[in-house]
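Letter by letter, the chains look like this.
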Amino acid sequence: MSEPLRVLSLQPYYGGSHEQFQQGWEQYSKHRWTILTLPPRHWKWRMRHAAIYFAEEIKRRIGEGEQWDIVFCSDMLNLAEFRGLMPRQISGIPIVMFFHENQFAYPVREGYQRDEHLAFTNFTSALAADRIWFNSKYNFDSMVAGLTRRLKRWPDFQPRKAIESLADKLTIEPLGIEQPAVDLVPYQQAREQRAANGAPVHLVWAARWEHDKNADDLLVALRCLRERGVLFRLSLLGQSFQYSPRVFDEIQSEFQAEILRSGFQESRADYWQALAEADLFVSTAKHEFFGLAAAEGIAAGLIPLFPDRLAYPELLEHAMTREEAKDYLYDNNAEALADSIQQWSQTRNGIAGQLKFSKQLMSHLSVEQRASEMDNALRATVDKFRGDRTDF
């Protein structure tokens, strides 16, 4: 058996799904990790200064005798700059960059303009990496589409071949999903009993309380349900911020009687319970490069109702067949979401076999399995890199 790799992980924005992904992988990894992090705030500044900070910190650690076999970093690092600044002692090891998102497709808040410099930084970083991992094919395709659309804007020497070369170093590496922290069977039994009694359908909406999650469509859908006389309960979950959109206040005010839970859940156990006690997981997002919360909703035994866009069709195929997935994707508007909720509330189709989707998803994406697969991918990268250098 080969020795564990010594992996240096550089995480400029260590919070949320970035932190959850890294911690879950490290917990089950057979490799040895050194993880350098910066706090999850001021993301634009992180993309501009993190290369300097990490280069200095690595130089200090090398002076203390630390060594590594491979570098793993996230898309929030300007890797081309880091390549120029990093100590020469690590210039001979491969670098893998993981794209949680890309700035070509990340929605821009109304009234703001996209920072094209940061989008282009994603491109040059991908070129500078030895391997690029994206959490979904949609994520990669949206970045390439964004680059391609910009070719006509650039005055000359457009990097067409460089864009095309990205596919040669690409691997799709979905996120790992942790095992639900609750026993799903009693919750499924309660779900079936509610359906038999004709109880109101219980919805979960779970995401950051920010503009790109498009809670405006949720508000419209809830109003439609009320106008149609469809009874429901709602858990409105997620972390709020100082400048969260006002729509969240509107939802909490208008549907105070229907809301059972609201806001950030203080523990992972509370969060898993909040998911498992519901019937449907609904999303209205305009931005989703993977859909971690949506995947956790499926893992918790909920029926998914997702817009037919972004990474959602791809995510559903980890839990069901492509043909089955069509029943859980709604047309991309609030009225269509209301129609889907109403139809499911009236028929409760598939409720008895609801946990099969959870089992199928976890058979593909459990954090333990994904850790093993990504460990092997790192090993293959190192072995190929060393082989190429020996051949040279």
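Calculation notes
- Residues numbered from 1 in each chain as written.
- Predicted model: local features only at pLDDT ≥ 70, side-chain atom pairs only at ≥ 80, totals over all residues.
- Heavy atoms only, no water.
- Helix = DSSP H or I, 4+ residues; strand = E, 2+ residues; numbered from the N terminus.
- Rg over C-alpha atoms; globule rule 2.2 N^0.38 Å.
- Buried < 20%, exposed > 50% of the residue type's maximum accessible area, 1.4 Å probe, protein only.
- Contact = heavy atoms within 4.5 Å.
- Areas by Shrake-Rupley, 256 points an atom, 1.4 Å probe, with all protein chains shown as cover.
- Lys, Arg positive; Asp, Glu negative; His and termini not counted.
- Charge placed at Lys NZ, Arg CZ, Asp CG, Glu CD.
- Salt bridge = Lys/Arg side-chain N within 4 Å of Asp/Glu carboxyl O.
- Pairing = 2+ DSSP bridges.
- Axes fitted to C-alpha atoms, helices over the stretch in contact; angles between N-to-C directions.
- Parallel < 35°, antiparallel > 145°, perpendicular 65-115°, else oblique.
- Left-handed = near helix turned anticlockwise from the far one by under 90°.
- Nonpolar A, V, L, I, M, F, W, Y, C, P; charged D, E, K, R; others polar.
- Core = buried A, V, L, I, M, F, W, Y, C linked by side-chain atoms within 4.5 Å.
- Phe/Tyr/Trp six-rings, centres within 6.5 Å; stacked < 30°, edge-to-face > 60°.
- Expected span 1.5 Å × (residues − 1).
- Arc of directions from axis to C-beta.

A. Inspection of the overall build of the chain at higher detail. When its secondary structure is counted, the chain shows 16 helices and twelve strands. Its C-alpha atoms give the chain a radius of gyration of 22 Å, near enough to 21 Å, the size a compact globule of 392 residues would have. Along the three orthogonal principal directions, the C-alpha set of the chain runs to about 70 × 55 × 40 Å. Across the 392 residues in the chain, those meeting the buried criterion constitute 53%. A separation of at least 24 residues holds for 79% of the contacts in the chain among residues at least 6 apart in sequence. Total accessible area computed for the chain in this model is approximately 18300 Å², and 48% of it derives from carbon and sulfur atoms. Averaging the locations of the 46 positively and 53 negatively charged side chains of the chain gives two centres separated by 4 Å.

B. Inspection of the side chain of H18 at higher detail. In this fold, H18 is placed in helix α1 (residues 16-28). The residues touching H18, leaving out its near neighbours within four places in the chain, are Y13, S74, D75, M76, H100 and E101.

C. Main features of the side chain of K169. Following the sequence through the fold, K169 ends up in the loop between α6 (160-165) and β6 (170-172). The buried charged residue K169 lacks any salt bridge, with D130 as its nearest oppositely charged partner at 6.6 Å.

D. Inspection of the environment of T37 at higher detail. Structurally, the position occupied by T37 is in strand β2 (residues 32-37). In this structure T37 comes out as partly exposed when scored by relative accessible area, which is 31%. C-alpha of T37 to C-alpha of Q11: the two residues are 26 residues apart in sequence and 4.7 Å apart in space. The contacts of T37, once residues within four sequence positions are left out, are Q11, Y14, Y53 and F54.

E. Seen up close, the pattern of salt bridges. According to the stated counting rule, one finds 29 salt bridges in the structure shown. Residues D130 and R83 are paired through a salt bridge, measuring 2.9 Å at the closest nitrogen-oxygen approach. Taken together, the positions of D130 in the loop between α4 (116-128) and β5 (131-134) and R83 in helix α3 (residues 79-85) put the pair 47 residues apart, joining distant regions of the chain. The salt bridge partner of E254 is R223, with a shortest N-O separation of 2.4 Å. Residue E254 is found in helix α9 (residues 247-254), and its partner R223 is found in helix α8 (residues 215-227); the two are separated by 31 residues along the sequence.

F. Quick look at the sheet that holds strand β9 (residues 259-263). Overall, parallel pairing links the six strands, which are arranged β9-β8-β7-β10-β11-β12 in an open sheet. Lying at the two open borders of the sheet, with one neighbouring strand each, are β9 and β12 (329-330). Both strand β11 (residues 303-307) and β12 contribute to a ladder of two bridges, which runs parallel. Within β12, the position partnered with P307 by the bridge is Y330.

G. Fine view of the packing of helix α2 (residues 43-63) against α4. One can describe the packing of α2 onto α4 by two numbers: an axis separation of 11 Å at closest approach and a directional angle of 50°. Judged by the inter-axis angle, α2 sits oblique to α4. In the crossing of α2 with α4, the sense of the turn from one axis to the other is left-handed. Between α2 and α4, the contacting residues are W43, K44, M47 and R48 on the first element and H117, L118, T121 and N122 on the second. For the contact of α2 with α4, the class distribution of residues is three nonpolar, three polar and two charged.

H. View of the nonpolar core. Residues F72, I251 and L378 are the most contacted members of the largest nonpolar core, which totals 87 residues. By residue number, the principal contributor to this core is α8, which donates seven residues. Sequence-distant contacts of I251, that is, excluding residues within four places in its chain, are made with A215, L218, L219, L222, L234, L236, Q256 and I259. With 37 residues, the next largest nonpolar core counts L36, C73, F99 and A119 among its residues.

I. A look at the packing of aromatic side chains. Per the stated rule, a full pass over the model turns up 23 aromatic pairs. Between the aromatic rings of W25 and W33, the centroid separation amounts to 4.7 Å while the plane-to-plane angle is 70°, which identifies the pairing as edge-to-face. The exposure classification of W25 matches that of W33, with both residues buried. Relative to F357, the ring of Y328 lies with its centre 5.4 Å away and its plane at 75°, an arrangement referred to as edge-to-face. With a gap of 29 residues between them, Y328 in the loop between α13 (322-325) and β12 and F357 in helix α15 (residues 355-365) connect regions that are remote in the sequence. Like Y328, the residue F357 is buried in the burial classification.

J. Summary view of the environment of L234. Tracing the backbone through its elements, the reader meets L234 in strand β8 (residues 232-237). Setting aside residues up to four positions removed in sequence, L234 forms contacts with H202, L203, W205, L222, I251, E258, I259, L260 and R261.

K. Broad picture of α1. The terminal C-alpha atoms of α1 lie 19 Å apart, and with 13 residues this matches the ideal 18 Å at 1.5 Å per residue to within 8%. Residues of α1 that are buried include every one of H18, F21, Q22, G24 and W25, and no others. The buried side chains of α1 occupy one side of the element, clustering within an arc of 165° when seen end-on. Turned more than 90 degrees from where α1 packs its buried face, G16 and Q27 sit exposed.

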